[in-house]
Amino acid sequence: MKPVPPATSLRRAPVQRRSAERLTRILDACADLLDEVGYDALSTRAVAVRAGVPIGSVYRFFGNKRQMADALAQRNLERYTARVTERLKETGDAGWRAAVDAVLDEYLAMKRTAPGFSLVDFGNQIPVGTRHAEPNHRVADRLTDLLSGYLDRAPDEDLRRVFLVAVETADTLVHLAFRVAPEGEVKIIEETRQMLRAYLARVLD
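Everything numeric here is computed off the predicted structure, so don't read it as measured data.

*Asks:* What's the story with the overall build of the protein in this structure? I'm lost.
*Replies:* If you tally the helices and strands in the protein, you get nine helices and zero strands. Starting at the N terminus and walking to the C terminus, you meet the elements of the protein as α-α-α-α-α-α-α-α-α. A burial count over the protein gives 46% of its 205 residues as buried.

Structural data, given as structure tokens:
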């Protein structure tokens, strides 16, 4: 099971700091507007106005709003990876269950607080409700690479498959929890946590 290559949607990567800051403002504006008006009503012009940049600056990076949403999803994955990395440092040698809790808890935190995340998360929900496998493969690859070092395990094909199954399962159940309750139905989330622990125990214990 080979890792899936990272998604790329930028027409042109920013080189100068000023350009990178402009890109950040564009993605921040995109995230805020997704929460406010949804994907269908989102427009590149509205993003440019909210970001305080010329419309040409948006088109310098993105050909359309789909590419913009994809870039936001990729940024979400980068930020999620950074958050999990910090949490793993805090857990120390507390064991794999603490590491899995960190992975799930940081995902839940982003679901609840990150602008635009409820629509795009890591790139698999636009149009709303659409489910594609590739983003979950990328998340599983990231987590395999992160956790293999923490667990002192080789990131081999077997471990990648196990984490892919865990990610797909958690993704489905967490979305169910947030359909049932706006902040995530607590009992479903706890069932998800216990299911992940039971499934991973046979490989990680």
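*Asks:* I would appreciate a short explanation of the packing of helix H5 (residues 96–113) against helix H8 (residues 157–180) in the present structure.
*Replies:* Helix packing for two helices is described by the angle between their axes and how far apart those axes are. Interaxial distance between H5 and H8 falls to 12 Å at its minimum, and their mutual angle equals 40°. On the basis of their axis angle, the class for H5 and H8 is oblique. Of the two possible hands of crossing, H5 and H8 adopt the one that is right-handed. Of the residues in H8, those in contact with Leu104, Tyr107, Leu108, Lys111 and Arg112 of H5 are Asp171, Val174, His175 and Phe178. Considering only residue class, the contact of H5 with H8 consists of five nonpolar, one polar and three charged.

*Asks:* It is not clear to me how the packing of aromatic side chains should be interpreted in this structure. Could you clarify?
*Replies:* The geometry of two aromatic rings is summed up by the distance between their centres and the angle between their planes. A complete count under the given rule lists six aromatic pairs for this structure. Taken together, a centroid distance of 6.3 Å and an interplanar angle of 50° make the contact between phenylalanine 61 and phenylalanine 62 tilted. Phenylalanine 62 shares its class with phenylalanine 61; the two are buried. Three or more aromatic residues link up through ring pairs in this structure, and these residues are Tyr80, Tyr107, Phe117 and Phe122. For lysine 65, the ring lying beneath its charged end belongs to tyrosine 39, and the centroid distance is 4.6 Å. Positioned over the ring face of phenylalanine 178 is lysine 111, at 5.0 Å from the centre of the ring.

*Asks:* Mind showing me how you'd approach the packing of helix H1 (residues 17–37) against helix H4 (residues 65–91) here?
*Replies:* Relative to each other, H1 and H4 sit at 100°, their axes nearing to 10 Å. The angle between H1 and H4 places the two elements in the roughly perpendicular class. On H4, the residues that touch Thr24, Ile26, Leu27, Asp28, Cys30, Ala31 and Leu34 of H1 are Met68, Ala71, Leu72, Arg75 and Arg79. Each residue belonging to the contact of H1 with H4 can be placed in one class, and the counts come to eight nonpolar, one polar and three charged.

*Asks:* Before we go on, may I ask you to explain the nonpolar core in this structure?
*Replies:* For soluble globular proteins, nonpolar side chains are generally found buried alongside one another. Core analysis: the biggest nonpolar cluster contains 36 residues, and Tyr80, Phe122, Val139, Leu143, Leu147 and Leu200 have the highest contact counts within it. Listing elements by their share of this core, those giving two or more residues are H4, H5, helix H7 (133–151), H8 and helix H9 (186–204). For this core, the element with the most residues is H8, which contributes ten residues. The contact partners of valine 139, leaving out residues within four places of it in the chain, are Leu77, Tyr80, Phe122 and Val167. By size, the runner-up hydrophobic cluster in this structure holds 24 residues, among which are Leu27, Ala31, Tyr39 and Val120.

*Asks:* Would you take a moment to explain the confidence of the model for the protein for this structure?
*Replies:* Interpretation of this model should avoid reading the predicted coordinates in detail wherever pLDDT is low. Mean pLDDT over the protein works out to 88, with 88% of the residues at or above the 70 mark. Scored below 50 in pLDDT, residues 1–7 makes 15 contacts in the model with residues more than four places away or belonging to other chains.

*Asks:* What is the right way to read the pattern of salt bridges from this model?
*Replies:* If the charged atoms of two oppositely charged side chains come close together, the side chains can form a pair. This structure, assessed with the given rule, holds 17 salt bridges. One salt bridge in this structure joins arginine 87 and glutamate 106, with 2.9 Å as the shortest N-O distance. You can see arginine 87 sitting in helix H4 and its partner glutamate 106 sitting in helix H5, a full 19 residues away along the chain. Note on arginine 87: relative accessible area 21%, which makes it partly exposed. Overall, the relative accessible area of 10% leaves glutamate 106 in the buried class. Close ionic contact of arginine 197 with aspartate 101 constitutes a salt bridge, the shortest N to O distance being 2.5 Å. Placement of arginine 197 in helix H9 and of aspartate 101 in helix H5 is noted, with a sequence separation of 96 residues between them.

Procedures and definitions
- Residues numbered from 1 in each chain as written.
- Predicted model: local features only at pLDDT ≥ 70, side-chain atom pairs only at ≥ 80, totals over all residues.
- Heavy atoms only, no water.
- Helix = DSSP H or I, 4+ residues; strand = E, 2+ residues; numbered from the N terminus.
- Buried < 20%, exposed > 50% of the residue type's maximum accessible area, 1.4 Å probe, protein only.
- Axes fitted to C-alpha atoms, helices over the stretch in contact; angles between N-to-C directions.
- Parallel < 35°, antiparallel > 145°, perpendicular 65-115°, else oblique.
- Left-handed = near helix turned anticlockwise from the far one by under 90°.
- Contact = heavy atoms within 4.5 Å.
- Nonpolar A, V, L, I, M, F, W, Y, C, P; charged D, E, K, R; others polar.
- Phe/Tyr/Trp six-rings, centres within 6.5 Å; stacked < 30°, edge-to-face > 60°.
- Lys NZ or Arg CZ within 6 Å of the ring centre and 35° of its normal.
- Core = buried A, V, L, I, M, F, W, Y, C linked by side-chain atoms within 4.5 Å.
- pLDDT = per-residue confidence, 0-100.
- Salt bridge = Lys/Arg side-chain N within 4 Å of Asp/Glu carboxyl O.

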